Structure formats: structure tokens, C-alpha cells
Amino acid sequence: GVIRTALPNMDREVKEQYQVLIQAKDMGGQLGGLAGTTTVNITLTDVNDNPPRFPKSIFHLKVPESSHVGSAIGRIRAVDPDFGKNAEIEYNIVPGDGGNLFDITTDENTQEGVIKLKKPLDFETKKAYTFKVEASNLHLDHRFHSVGPFKDTATVKINVLDMDEPPVFSKPVYTMEVYEDTPVGTIIGAVTAQDLDAGSSLVRYFIDWKNDVDSYFTIDATEGTIATNELLDRESTAQYNFSIIASKVSNPLLTSKVNVIINVLDVNEFPPEISVPYETSVCENAKPGQVIQTVTAADKDLSPAGQRFSFRLSAEASNKPNFTVHDYRNNTAGIETRRNGYSRRQQELYFLPVVIEDSSYPVQSSTNTMTIRVCRCDSDGTILSCNVEAIFLPVGLSTGALIAILLCIVILLVIVVLYVALRRQKKKNTLMTSKEDIRDNVIHYDDEGGGEEDTQAFDIGALRNPKVIEDNKIRRDIKPDTLRFPRQRPPVEDNTDIRDFINQRLQENDVDPAAPPYDSLATYAYEGNGSVAESLSSIDSLTTEADEDYDYLSDWGPRFKILADMFGEEESYNPDKVT
């Protein structure tokens, strides 16, 4: 027996249970056959053929402004005639006006939408919110998509109720700082609370006394300013933590509380100093702008977190072109070169005064002198040698040996200087002549002259070189009364005799009206007593030119060849050869 449906579009939501009476007969159903009956119960199973529907299009809710964030402020429900999982509904808030302050979830037991508060409400800021909620099935049946969208929307309007609220502080926690030497009564900070209700009320402040520590501070009941009540000692207590209560004047039972943290600061007593090292080095081949050392600072004071140190050159060193200090503004600084190369021979050590200043109260600063040593490096910047003795001596020579060698050198230099001085003194005494040893004319006048040391009265340059044509010069040893043009002297011919030249100069001095009115001693080409050839002048010669044998001049070399030719016996006197 096959049971089939007799009607189309059977609806479980209309009728779910059916009972069918079935009769069975033998003998093919002929007369006389026996029959039996039974009842068949038929239940229609559910399919998701019905979308959820809100019973009304607008839901009104009233919420007090004092509702806490995360609390449920209302419920809405969409109806789905289906059963089981086909009736499961998901609720969502459609983005719009006020929707960001609320959230909605589904109650799995009742399939209701629970609206919750995401942000605090304030009646004085906004009194009403409106948004839309959408309800939809989680499990859809594709066979019934043609029926229509399986979702529905409704509008939710929320009215905020005004409540009498306590004052509200501007901050959740107040943190203040005060130095340990602050006088009693000094204001160190303030707290602020406001009554946000429509009928704003005044606020009063007071400290929530819990122990004796709170007596170190006082608060102004009206202004909320906090001041010291006793002298503070950081060594005994470095931090104070207490609460301040604010209440409404109109309703003192409505109060709010906030925590206040006061940190006691240490007085800045010590200046910052450069952390080790105080000495660094620079390569001889360093380039301008090269960082040779990064320095940091240390402070003996108990500095608060976030203290900053500043680095700079001292005023006297800022104008020098050797090094500079670059402050990185992170409590470190770099020592940078300003020259293109350094020389250990010129200067081995540089002293750089660096000024470091802290940010504490009161501000402290110190000048730290860094020693910079010039070293010999390779092309990669690796230091090869920094010792001064390495410049002059081989490796392995000690400082004591270097000092001993330097002392020996100094002693030898002193001996040489003394020896040279004695030789010069002896030579000077030998060259001094007596009054009878006179090699030139002595012109006597009544007036006293300049003495033997005055050799400027006559220019003997021409005697030393007969080829020289004298320039016209003004006498340097006298001041003429009137400007006088120097006399023109005839040029010296190349073929004149030395004797004639000397006689010519003597004649000029005899007839010169501008000759100095004092004794004048002029020496012409006097070589001294130590000459091998003795004097070439004929003034002191005892023999005449005719009696003298000049053959020895040929043995003196090519320098005396001309004189040998002039006075030789085998040649006659030829004026063209005299120079």
C-alpha cells in the first residue's frame, strides 16, 4: 500500500498532524473476504519557507542617562512561524543616526533582540536616538528564494531620561609633582569636577582622610587647588597617593571620587658629567665631519624619568677650527672633526672643553675637558700607533732612553755653541790692527769723526769689481744742508790698471768739496794676515814692479792666469788684457 499526498502546498504552519485510516481485504476484495484496518499518523516536517516579521514597525524605549555601558536597555522580537533552526533569527543595527552608541544581540532561548549600551548617555548632550534594526534567518532554503527576502526591518526610538547625577571629574587620575624644598602653603595643582545636570549645582571638594599621610596637603573646598601643609622630605616619602571627593551642594549625597598621585622631586644638587672615557683619539688622515667619539652623561642626582642632557662646546673653544660637538638630543652627543687631517708632529694632543647641562631644577651644568690624541692609522681607520716616541724612534725604545738621548743632544749643542763663540772671539782679536798698520790715506780734520767703525764714508764695491758702474747714491753718514746732485764719475774702462784706478779714486776724494770733515779710514781689498798670496796691493810692497818675479802666479791656477799674463817677463804690457 503506497500512501501519497492528495493536496498540493501542504503547510505545516496550518496543520502539522494528519491521521489516515487504512483497510486491507483478502480475496482480492471480493465478497466474503476478510478485512483489517489500521491508523497511520502523518507529521509534516518544517522547511524554511517563512521569513521573520516584526509585529510592529516602531519600537519605543526609555533609558536613564545613568545606565552603565554594556547593560541591556531593551528587547525587541521578530516572529518566524517556522520551527527549529529554520526559526533562528539574527539581529543587526542598520548604520544611521545614533546606531554607534548601541549594540544588539540575539537571545538564543527566546530569539529576541537584546539592545545594549556601548557608550555612556548624557541627557544634557542628546535626549533621543533613532536607528533601524534588521532581522534575518540564519539558515536559508534555496528552494524558496522566490518567495521573497527572508528579512525584515523595524525602527527603534530611544528616549534618554534625565537623572540627578554626581559631579564628574575632568580626569580619571591626577598626577602632580613638587620639589622637596617647597615652602608650606605652595599650590602644586588643582582638580576640577562639574555638575552636568540641567540645573547645574555648585561643587565642594574635600580630601578623603584615611591616614595621617593625607595631612601633608590641603585642598580649597571651592576652587579645588591642592597646597602643601607640611615640609616634604623625599628621602622619607617619595610619593603620596590619596583621594579627593567632590559633592553637589544641592544634594550632598551625590558624590564622586578621584585618585591624586603626588611625586616628590629631588633638588638638583650635582651637575652632569661625561661618562667614561674622557680620552679619545683621532686619525691623522681624518676627514671633516667624521665622528670620532660618542659621549654620554651621568648625573649623581636621583633624576626623574625623561630627564634630558644637552651638549655644547664652551665659548672659548667654539671659535677654534679643530673639533665640534653635535648634540643628538637623545642624551648623547658626537665629537666631530672640522679639519681635513691632523699632524702629530705639529700637535699631538688636543683638549676639548664640553659643556653639559641637565633639565632638572635648578639647572646644573659642568665643563668637562676631553683629551684627543692624534694617532697614525691605516686607510681603513685602524689605529697603528699613538705614542710620541714612535714618530722618531724604533719600536721598543723606552721613555727613559728617549730622555737620556735628548739630554745628550742638548749638551753637545751647548759645547758646539761655546766652541764657535771662542773661535770668533779669537779671530776678531787677530784682525784688529794697530795705529801704525794703516792701509789707506788718513785725512785729518779738526772735527772728531765717527771712528774706525765708520766704513760708510767710501763705497769700496767698485774696487772689488772694476766692471761695476756705480749708481748715484746720497751719502748715508751725513745729512747735507742743501740738495746736491752727485758728481758724475767717468766710467771705469776695462783696460785700466788697478794702480791708476786707485789713484783716480784718491784724486776724487782729495778734490771732493763734500768730503766729511772728520777722519775717515777706508780699507781696499785687505785680505788679512792669514792669506797665502798675501796682499795684492802695491802700497806696502818693498820692491818695484821691475824687480819682482811674477812667475809664481802661473802656479796658482786658472784664477790668477790673467795676472800672470799681465806681469810675466816674456810678455810686454798689453792694456787690452787687464780686466
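Numbering of residues begins from 1 in every chain and follows the order in which that chain's sequence is written. At least 70 in pLDDT is required for a residue's local features to be given in this predicted model, at least 80 for side-chain atom pairs to be given and counted, and no such filter applies to totals for whole chains, interfaces and linings, which use all residues. Where side-chain values are given, they derive from all heavy atoms of the structure, hydrogens and water being excluded.

Identification of the chain as CAD12 protein from Oceanodroma tethys is taken from an unreviewed UniProt entry. Of the comments in the UniProt record for the chain, the one headed Function (unreviewed entry) reads "Cadherins are calcium-dependent cell adhesion proteins." UniProt positions are given in the numbering used here, feature names are shortened, and annotations may be inferred rather than shown by experiment.

Undergrad: Where do I start with the environment of Asp565 in this structure?
TA: Here Asp565 is to be found in helix α5 (residues 561–567). Under the scheme applied here, a residue whose accessible area is under 20% of the maximum for its type counts as buried, over 50% as exposed, and between as partly exposed, the area being computed with a 1.4 Å probe on protein chains only. For Asp565, a relative accessible area of 22% translates into the label partly exposed. With 15 residues separating them along the chain, Asp565 and Tyr550 place their C-alpha atoms 9.3 Å apart. Secondary structure counts use DSSP, requiring at least four H or I residues in a row for a helix and at least two E residues in a row for a strand, with both numbered from the N terminus.

Undergrad: Would you mind going over the nonpolar core with me for this structure?
TA: One broad rule of soluble globular proteins: the nonpolar side chains tend to lie buried together. Counting 25 residues, the largest nonpolar core has Phe54, Phe102, Ile115, Val133 and Val156 as the members making the most contacts within it. Counting residues per element, the ones that place at least two in this core are β3 (58–64), β4 (72–77), β5 (89–94), β6 (102–106), β7 (112–117), β8 (128–137) and β9 (151–161). Counting 22 residues, the second-largest nonpolar core is a separate cluster that includes Val191, Ile226, Leu232 and Ile244. Buried residues of nine kinds, namely Ala, Val, Leu, Ile, Met, Phe, Trp, Tyr and Cys, make up a nonpolar core once their side-chain atoms join them within 4.5 Å.

Undergrad: Where do I start with the sheet that holds strand β15 (residues 217–219) in this structure?
TA: For sheets, the rule is that strands pair by backbone hydrogen bonds, running either parallel or antiparallel. Between any two strands, pairing holds if DSSP finds at least two bridges. Ordered in space as β12-β16-β15, the 3 strands form an open sheet in which the pairing is antiparallel. At either margin of the open sheet sits one strand with a lone partner, and together these are β12 (187–190) and β15. Each strand axis lies, on average, 25° off the axis of its neighbour in the sheet, ignoring direction. In this sheet, strand β16 (residues 225–228) lies alongside β15 in antiparallel orientation, the contact comprising 3 bridges. Note that in β16 the partner of Phe217 across the bridge is Thr228. As a rule, the C-alpha atoms of each element are fitted with a line to give its axis, helices using only the stretch in contact, and angles between N-to-C directions run from 0 to 180 degrees.

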